[in-house]
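# Fold and geometry: a report
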Amino acid sequence: MKVAISSKDESLNSEMDSRFGRCNFFAIYDSEDRSTTFIKNTACSLTEGAGPAALQLLAAQNVVKLISENFGVKIKNLASDLNIQLIVIRDSQTIESIINMLNH
């Protein structure tokens, strides 16, 4: 199962970015082989529609769960249509600590 986490940087030590559609990177964690890869959020610089474009980017990566602090209004219905579960984490944590939580 692939889980995406909005990330401020391209490192496990990076903090989760509170902004989903405007984050710089996504950490993609694969729970089957416990690997983590980072992809650039190519939608972050769009003037509008960054959230839906970012969600489409993650759907193409076969992500089934998405972790961030804030999701735009348009995201909930689109995520449901794409069978992607949205998970909200309110406190700032590193990518590594979120992955550790997923493994427990």
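Here, the structure is the one placed above.
Notes on the structure in this doc start here. Not measured: the values here are computed from a predicted model.

### Examining the packing of aromatic side chains
Applying the stated criterion across every chain, the model contains two aromatic pairs. Between Phe-20 and Phe-26 the ring centres are 5.7 Å apart and the planes differ by 50°, which places this aromatic pair in the tilted class. Both residues of the pair, Phe-20 and Phe-26, count as buried. When the ring of Phe-20 is compared with that of Phe-71, the centres are 5.5 Å apart and the planes differ by 50°; the resulting orientation is tilted. Placement of the pair is Phe-20 in the loop between strand S1 (2-7) and strand S2 (25-30) and Phe-71 in the loop between strand S4 (63-68) and helix H2 (73-81), with a sequence separation of 51 residues. Accessibility classification places Phe-20 together with Phe-71 in one group, the buried group.

### Observations regarding the pairing of strand S5 (residues 85-88)
Each regular strand displays side chains that alternate between the two surfaces of the sheet. Relative to S5, S4 is paired through four bridges, and the arrangement is parallel. Following the sheet pairing, Lys-65 is matched in S5 by Gln-85. Crossover connection from S4 via H2 to parallel S5: handedness right-handed.

What counts and what doesn't
Residues numbered from 1 in each chain as written. Predicted model: local features only at pLDDT ≥ 70, side-chain atom pairs only at ≥ 80, totals over all residues. Heavy atoms only, no water. Phe/Tyr/Trp six-rings, centres within 6.5 Å; stacked < 30°, edge-to-face > 60°. Buried < 20%, exposed > 50% of the residue type's maximum accessible area, 1.4 Å probe, protein only. Helix = DSSP H or I, 4+ residues; strand = E, 2+ residues; numbered from the N terminus. Pairing = 2+ DSSP bridges. Right-handed = clockwise from strand over helix to strand, strands pointing away.

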